[in-house]
Amino acid sequence: GEDIFSGKTKKDAYSRISNQNFRNLEEGLCILEEGEATQVFDSGMSAIKVLLQSILKSGDEIIAHNSLYGGTTLLLKDLVNFRIETRFVDARQTDNVLLVLTDRTKLIFIETPSNPTLDICDFQEIKERLITAGRKDVLVAVDNTFATPCNQKPLAKGADVVIESLTKYINGFGNATGGSITTSQEIMDRIWK
């Protein structure tokens, strides 16, 4: 039991935390997303919240597209209560993202296609221009719910993190809720540190 609870072994200790069904889903999503590590959650919003709480701290900033799922927009606006500012821009124009970039920017959050307006943002160009500007420290997270990994693979195009609401198209019926984060092992380790 000590090895299980300390993380030395991958056996299940408590079904809400890990079980064979979770692992099968995580392994499948990781393959579909072409990532190194996937973690599933009870909803897409939970996945987003865990990502934000794990990599951001007071004083950090986020740049987000101005057309996102309503729950995501509310969550990003509420971060001001933790002294984390979100700058909403029309990210369909990459220059708009770069114009508000500061030394406190830690994350760019894009949902493409966006919900409900179906805006398309070129997150690959955004990441490339961040690297050119010497800002490899800024993570680009893409909510891939509408496209799914069947139609778009953000990690293969330069995104650092992919979020999925499994409730919608991955599930197909909306009769079960779920969410996921897929990323590199290095970033997943940061999330769970």
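1. Details of the pattern of salt bridges
Alright, step 1. For the structure shown, the criterion picks out 9 salt bridges.
Alright, step 2. Across the pair D60 and K57 runs a salt bridge, and its minimum N-O distance is 3.6 Å.
Alright, step 3. We classify D60 as buried; its relative accessible area is 4%.
Alright, step 4. Judged by its relative accessible area of 54%, K57 is exposed.
Alright, step 5. A salt bridge links E61 to R104; the shortest N-O distance between them is 3.1 Å. Of this pair, E61 sits in strand β2 (residues 61-65) while R104 sits in the loop between α5 (94-99) and β4 (105-111); the two residues are 43 residues apart in sequence, bridging distant segments of the chain.
Alright, step 6. E61 sits in the buried class, given a relative accessible area of 3%.
Alright, step 7. Three or more residues are tied together by salt bridges with common partners; here these are E61, R87 and R104.

2. As for the packing of helix α3 (residues 44-55) against helix α4 (residues 70-78)
Alright, step 1. Contact geometry for α3 and α4: axes closest at 10 Å, N-to-C directions at 25°. With respect to α4, the element α3 is oriented roughly parallel. Helix-helix and strand crossings are classified by hand; for α3 and α4 the assignment is right-handed. Facing α3, whose interface residues are M45, I48, K49 and L52, α4 presents G71, T72, L75 and L76.
Alright, step 2. Grouping the amino acids of the contact of α3 with α4 by side-chain chemistry returns 5 nonpolar, 2 polar and 1 charged.

3. Side note on the sheet that holds strand β5 (residues 139-143)
Alright, step 1. Across the sheet, 7 strands lie side by side as β1-β7-β6-β5-β4-β2-β3; this open sheet has mixed pairing. Where the open sheet ends on each side, the last strands, each with one partner, are β1 (37-41) and β3 (85-89). The average angle at which neighbouring strand axes cross in this sheet is 20°, direction not considered.
Alright, step 2. Bridge count between β5 and strand β6 (residues 161-165): 3 bridges; the pairing is parallel.

Thresholds, definitions, all that
Residues numbered from 1 in each chain as written. Predicted model: local features only at pLDDT ≥ 70, side-chain atom pairs only at ≥ 80, totals over all residues. Heavy atoms only, no water. Salt bridge = Lys/Arg side-chain N within 4 Å of Asp/Glu carboxyl O. Buried < 20%, exposed > 50% of the residue type's maximum accessible area, 1.4 Å probe, protein only. Helix = DSSP H or I, 4+ residues; strand = E, 2+ residues; numbered from the N terminus. Axes fitted to C-alpha atoms, helices over the stretch in contact; angles between N-to-C directions. Parallel < 35°, antiparallel > 145°, perpendicular 65-115°, else oblique. Left-handed = near helix turned anticlockwise from the far one by under 90°. Contact = heavy atoms within 4.5 Å. Nonpolar A, V, L, I, M, F, W, Y, C, P; charged D, E, K, R; others polar. Pairing = 2+ DSSP bridges.

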